[in-house]
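# Report on the structure
If you want the building blocks of each chain, they are given just below.
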Amino acid sequence: MGAQNGLLTEVARISTRGWRAFGMHGAGNLLNAGQIAANPVAAMPSLHTAFALFVVLFFLTSTRRRWWPLLLAYPLAMTFTLVYSGEHGAGNLLNAGQIAANPVAAMPSLHTAFALFVV
């Protein structure tokens, strides 16, 4: 959308190029047709990134610090791949990070509130 308004240079989606490399042009054409027909705003925010980050944030507190770089590599790799392939823009991914971080940040408060009602 930013390219349509002249705010950004156009980004080419490269997710169908692999099918052509295997000689499966029909599969790439089908994927392109589906992407064109899809809602262009439905990918806001990126749930791929949000879920990857949410899982990592969930397990981060129960994992030894030496494993943190490996855990954090997963959402970073997902983010890089989505931007590089042109599937999502940086704004989508920042919003996804916020969506993943909000429930994790609210967990101590929710746990305390739940404990008051259970006891």
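None of these values were measured; they are calculated from a predicted model.

We now examine the overall build of the protein chain. Across its full length, the protein chain carries 5 helices and 0 strands. Listing the helices and strands of the protein chain from first to last along the sequence gives α-α-α-α-α. With the model as given, the accessible surface of the protein chain reaches about 9100 Å², and the carbon-plus-sulfur share is 70%.

Moving on, we come to helix α3 (residues 47-60). In a regular helix each residue adds 1.5 Å, so 14 residues correspond to 20 Å; α3 covers 19 Å between its end C-alpha atoms and thus fits that length. Among the residues of α3, those classed as buried are T49, A50, A52, L53, V56 and L60. The buried residues of α3 occupy an angular sector of 165° when projected down its axis, which confines them to one face. Facing away from the buried side of α3 by over 90 degrees, the exposed positions are L47, H48, F51 and F58.

Before going further, it helps to spend a moment on helix α4 (residues 68-84). An ideal rise of 1.5 Å per residue puts 24 Å on 17 residues; α4 measures up with 24 Å between its terminal C-alpha atoms. A maximum bend of about 25° is found in α4 at Y74, where proline P75 lies one to four positions downstream. Note on α4: the residue one or two positions beyond its end, G86, has a positive phi of about 80°.

As a further point, take the packing of α3 against α4. Two numbers describe how α3 lies on α4: the axes approach to 9 Å, and their chain directions differ by 175°. Taken together, the axes of α3 and α4 are roughly antiparallel relative to one another. Contacts between α3 and α4 involve H48, T49, A52, L53, V56, F59 and L60 from the former and W68, L71, L72, Y74, P75, M78, T79 and L82 from the latter.

Mean pLDDT over the protein chain stands at 76; residues scoring 70 or higher make up 75%. When mean pLDDT is compared element by element in the protein chain, α4 scores highest at 87, while helix α5 (residues 90-118) scores lowest at 73.

What counts, and at which threshold
- Residues numbered from 1 in each chain as written.
- Predicted model: local features only at pLDDT ≥ 70, side-chain atom pairs only at ≥ 80, totals over all residues.
- Heavy atoms only, no water.
- Helix = DSSP H or I, 4+ residues; strand = E, 2+ residues; numbered from the N terminus.
- Areas by Shrake-Rupley, 256 points an atom, 1.4 Å probe, with all protein chains shown as cover.
- Expected span 1.5 Å × (residues − 1).
- Buried < 20%, exposed > 50% of the residue type's maximum accessible area, 1.4 Å probe, protein only.
- Arc of directions from axis to C-beta.
- Bend = angle between axes of the 7 residues up to and from the residue.
- Axes fitted to C-alpha atoms, helices over the stretch in contact; angles between N-to-C directions.
- Parallel < 35°, antiparallel > 145°, perpendicular 65-115°, else oblique.
- Contact = heavy atoms within 4.5 Å.
- pLDDT = per-residue confidence, 0-100.

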